[in-house]
Amino acid sequence: MAEMQGTEVGQTDHTASGDGHATRIVVGVDGSPGAGRALDWAGAEAERSGAELTIVGAWVYGGFGGDVLTEEDAQLVVEQAAVSVADRYPAVSIKHLLCKEPAAHSLIEASTGAHLLVVGSRGFGGFRGLLFGSVGQHCLTHAPCSVAIIRSPAQTNNSETTPQRIVVGVDGSEGSNLALDWAAIEASRTGALLEVVGSWVFPGTSGYVFAAVVGVPEAARQVVDDALAHVAQVAPHVVTQGKTSEVPPAVALVDASRHADLLVVGSRGLGAFRGLLLGSVSHHLATHAHSSVVVVRGQ
């Protein structure tokens, strides 16, 4: 891993609110509208979860083209971002970090020990093309924590930072169980409806659509029923609904995201969701979901 030469340029001391357990959220900023949306979402999430928020800016880009932020510009961006969060979410404890490193390396290293890395789906300067090409794939596959990909209001059905409808993909694996727990907690905190989606079409090795293998519908329905029962135990006040799909998982989840504010998936799975972050399935979700996306990893 490349050496990161970061500079902590300030900290605002606030008392974090929420459920009391120690958590940390990292968000990448570059002054773009997409990064601004990610920052606002991260601030709201930090407030409702009681997490500390680390705001990261990078002023050396990885050589993939596009505009380059100067050190002075990047410092101004992170300082303004910190002021914005402090104004809107005064209970959140804030740190901001300026890194002389390529964007992906900066974010990955800053997220070591964090619980969530938040990025926008569009950006410029140090974070241009975050979800398209090597930078975005690097963040998704190498970040040591869960990753949230926040769409701008023009890309989503809802411009609010508080989700009203959350979709989670399940297959009974440990990875999808972690995603289910994360989604249930988020729905409990926000009052969102939680839709649990399972697919009984297993993606093949040569393409998730053309090499699909039909599974057992009854087994998929049982997985969804078990997931709904679990949510009823851990978050009894959350309103839920379940759905099984006869199309491949990436297609099913993208379709379900049309009427959602947030799509939640695990970083590893089995059956219909095996290899969710490997190859075409993950790329399809990251680039085509109609809502923001959270990929949940175990800590």
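What this report covers is the structure whose coordinates are included nearby. (Residues numbered from 1 in each chain as written. Predicted model: local features only at pLDDT ≥ 70, side-chain atom pairs only at ≥ 80, totals over all residues. Heavy atoms only, no water.)

Each helix and strand counted, the chain has eight helices and 13 strands in total. The proportion of buried residues among the 299 residues of the chain is 55%. By element, 53% of the accessible surface of the chain is carried by carbon and sulfur atoms, the whole surface being about 12400 Å². (Helix = DSSP H or I, 4+ residues; strand = E, 2+ residues; numbered from the N terminus. Buried < 20%, exposed > 50% of the residue type's maximum accessible area, 1.4 Å probe, protein only. Areas by Shrake-Rupley, 256 points an atom, 1.4 Å probe, with all protein chains shown as cover.)

Across the seven residues of strand β8 (residues 193-199), six count as buried, placing the element largely inside the fold. Summarising the sheet, strand β7 (residues 165-169) and β8 pair through five bridges and their orientation is parallel. For valine 168, the partnering residue across the bridge sits in β8 and is valine 196. Crossover connection from β7 via helix α5 (residues 174-190) to parallel β8: handedness right-handed. Inspection of the sheet shows β8 paired to strand β11 (residues 240-245) by six bridges, in the parallel sense. Bridge pairing links glutamate 195 to glutamine 241 in β11. (Pairing = 2+ DSSP bridges. Right-handed = clockwise from strand over helix to strand, strands pointing away.)

Attention now moves to the packing of helix α1 (residues 33-49) against α5. α5 packs onto α1 with a crossing angle of 85 degrees between their chain directions and a minimal axis gap of 11 Å. The angle between the axes of α1 and α5 places the two elements in the roughly perpendicular class. In this structure, α1 uses Trp41, Glu45, Arg48 and Ser49 to contact α5, whose residues at the interface are Trp182, Glu186, Arg189 and Thr190. Its residues assigned to classes, the contact of α1 with α5 comprises two nonpolar, two polar and four charged. (Axes fitted to C-alpha atoms, helices over the stretch in contact; angles between N-to-C directions. Parallel < 35°, antiparallel > 145°, perpendicular 65-115°, else oblique. Contact = heavy atoms within 4.5 Å. Nonpolar A, V, L, I, M, F, W, Y, C, P; charged D, E, K, R; others polar.)

Counting residues in each nonpolar core, the largest one holds 47 residues, and the members touching the most others are Ile55, Val118, Leu194 and Val264. In terms of nonpolar packing, the next biggest core, distinct from the first, is built from 29 residues, Val26, Ala114, Val254 and Ala286 among them. (Core = buried A, V, L, I, M, F, W, Y, C linked by side-chain atoms within 4.5 Å.)

Where α5 meets helix α6 (residues 217-234), the closest approach of the two axes is 10 Å, and the angle between their N-to-C directions is 45 degrees. Taken together, the axis directions place α5 and α6 in an arrangement best described as oblique. In the crossing of α5 with α6, the sense of the turn from one axis to the other is right-handed. Contacts from Leu180, Asp181 and Ala184 in α5 reach Ala227, His230, Val231 and Val234 in α6. For the contact of α5 with α6, the per-class residue count stands at five nonpolar, one polar and one charged. (Left-handed = near helix turned anticlockwise from the far one by under 90°.)

So, about the environment of isoleucine 94. With respect to the element layout, isoleucine 94 can be found in strand β4 (residues 94-99). Distance in space between the C-alpha atoms of isoleucine 94 and glutamate 52 is 6.1 Å, their sequence separation being 42 residues.

The subject of this paragraph is the environment of threonine 162. For threonine 162, the location among the structural elements is in the loop between β6 (146-150) and β7. Note on threonine 162: relative accessible area 29%, which makes it partly exposed. Placed 99 residues apart in sequence, threonine 162 and aspartate 261 show a C-alpha to C-alpha distance of 8.4 Å. Once residues within four sequence positions are removed from consideration, threonine 162 is found in contact with Arg48 and Thr190.

Here we take up the pairing of strand β13 (residues 292-296). For β13, a buried count of five out of five residues is recorded, marking the element as mostly surrounded by other parts of the structure. In β13, alternate side chains face the same way, and those of Ser292, Val294 and Val296 on one face and Val293 and Val295 on the other are all buried. Inspection of the sheet shows β6 paired to β13 by three bridges, in the antiparallel sense. The residue of β13 that forms the bridge with valine 147 is valine 295.

This next bit is on the pattern of salt bridges. By the definition in use, this model includes nine salt bridges. For arginine 165, the salt bridge identified is with glutamate 195, shortest N-O distance 3.0 Å. A residue pair is termed long-range when its members are at least 10 positions apart, and arginine 165 in strand β7 and glutamate 195 in strand β8 qualify at 30 residues. For arginine 165, a relative accessible area of 22% corresponds to the partly exposed category. Of the charged contacts in the structure, one is a salt bridge between arginine 258 and aspartate 255, with a shortest N-O distance of 3.4 Å. (Salt bridge = Lys/Arg side-chain N within 4 Å of Asp/Glu carboxyl O.)

Before going further, it helps to examine helix α2 (residues 71-88). In a regular helix each residue adds 1.5 Å, so 18 residues correspond to 26 Å; α2 covers 26 Å between its end C-alpha atoms and thus fits that length. Those residues of α2 that fall on the buried side of the exposure criterion are Ala74, Val77, Val78, Ala81, Ala82, Val85 and Ala86. Buried residues of α2, viewed axially, fall in a sector of 165 degrees; they line one side. Every exposed residue of α2 that faces more than 90 degrees away from the buried side is listed here: Glu72 and Asp87. (Expected span 1.5 Å × (residues − 1). Arc of directions from axis to C-beta.)

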